[in-house]
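Examination of the molecular architecture
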Amino acid sequence: KMIVVCLEGCHGSGKTSLLSQLRHHGFSVLDEAFIDMPTYTEALHPQSLMMEAVWVTNWFERLLKCKAQIEGKDNEHRI
């Protein structure tokens, strides 16, 4: 079973602190992964609708890969 909680909030609202506490208590946490985003600085602003759509699509792809890994581990224990 996988439960997904997404945090949204302005800069300085405590999201990073909350994520650190979740990690400390054994939860898996996906970061925002802005560093892995493609850069099209001359054509598209990083916060344009298109770039935000690319980011959220990449985030969901990472989430689905995590789910597949979890399901694979669950299936290893089944005989």
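Attention in this report is confined to the structure presented alongside it. (Residues numbered from 1 in each chain as written. Predicted model: local features only at pLDDT ≥ 70, side-chain atom pairs only at ≥ 80, totals over all residues. Heavy atoms only, no water.)

**So, the overall build of the protein chain**
- When helices and strands are counted, the protein chain shows two helices and zero strands.
- Expressed as a percentage of its 79 residues, the buried residues of the protein chain come to 8%.
- Across the protein chain, contacts joining residues at least 24 apart in sequence account for 43% of those joining residues at least 6 apart. (Helix = DSSP H or I, 4+ residues; strand = E, 2+ residues; numbered from the N terminus. Buried < 20%, exposed > 50% of the residue type's maximum accessible area, 1.4 Å probe, protein only. Contact = heavy atoms within 4.5 Å.)

**Comments concerning the environment of Ile70**
- Looking at where Ile70 falls in the secondary structure, it is placed in helix H2 (residues 49-76).
- Residue classification places Ile70 among the partly exposed positions, given a relative accessible area of 33%.
- C-alpha separation for the pair Ile70 and Lys1, spaced 69 residues apart in sequence, amounts to 8.2 Å.

**Observations concerning the packing of aromatic side chains**
- Tallying each qualifying case throughout the model produces one aromatic pair.
- Centroid distance Trp59 to Phe60: 5.4 Å. Interplanar angle 85°. Geometry classified as edge-to-face. (Phe/Tyr/Trp six-rings, centres within 6.5 Å; stacked < 30°, edge-to-face > 60°.)

**Quick notes on a nonpolar patch on the surface**
- Together, Ile3, Val5, Leu7 and Leu18 make up an exposed nonpolar region whose accessible area comes to about 400 Å².
- Counting through the fold element by element, Leu7 comes out in the segment before helix H1 (15-24).
- A relative accessible area of 34% means that Leu7 is categorised as partly exposed. (Patch = residues over 30% accessible without salt bridge, like charges linked within 9 Å, V, L, I, M, F, W, Y side chains within 5 Å. Areas by Shrake-Rupley, 256 points an atom, 1.4 Å probe, with all protein chains shown as cover. Salt bridge = Lys/Arg side-chain N within 4 Å of Asp/Glu carboxyl O.)

**So, the side chain of Ser48**
- Tracing the backbone shows Ser48 in the loop between H1 and H2.
- A residue is classified by how much of its surface remains accessible, and Ser48, at 18% relative accessible area, is buried.
- A distance of 3.0 Å separates the side chain of Ser48 from the backbone oxygen of His45, its partner in a polar contact. (Polar contact = N/O pair within 3.5 Å; in protein donor to acceptor, adjacent residues only side chain to side chain.)

**Side note on the pattern of salt bridges**
- A complete count under the given rule lists two salt bridges for this structure.
- Its salt-bridge partner being Lys65, residue Glu61 comes within 4.0 Å of it at the nearest N-O pair. Taken together, the residues Glu61 and Lys65, both in helix H2 and four residues apart, mark about one turn of the helix.
- What makes Glu61 partly exposed here is its relative accessible area of 42%.
- What makes Lys65 exposed here is its relative accessible area of 51%.
- Residue Glu71 pairs with Lys67 through a salt bridge whose shortest N-O separation is 2.5 Å. Of the two residues, Glu71 and Lys67 are both situated in helix H2; the distance of four residues between them amounts to about one turn of the helix.

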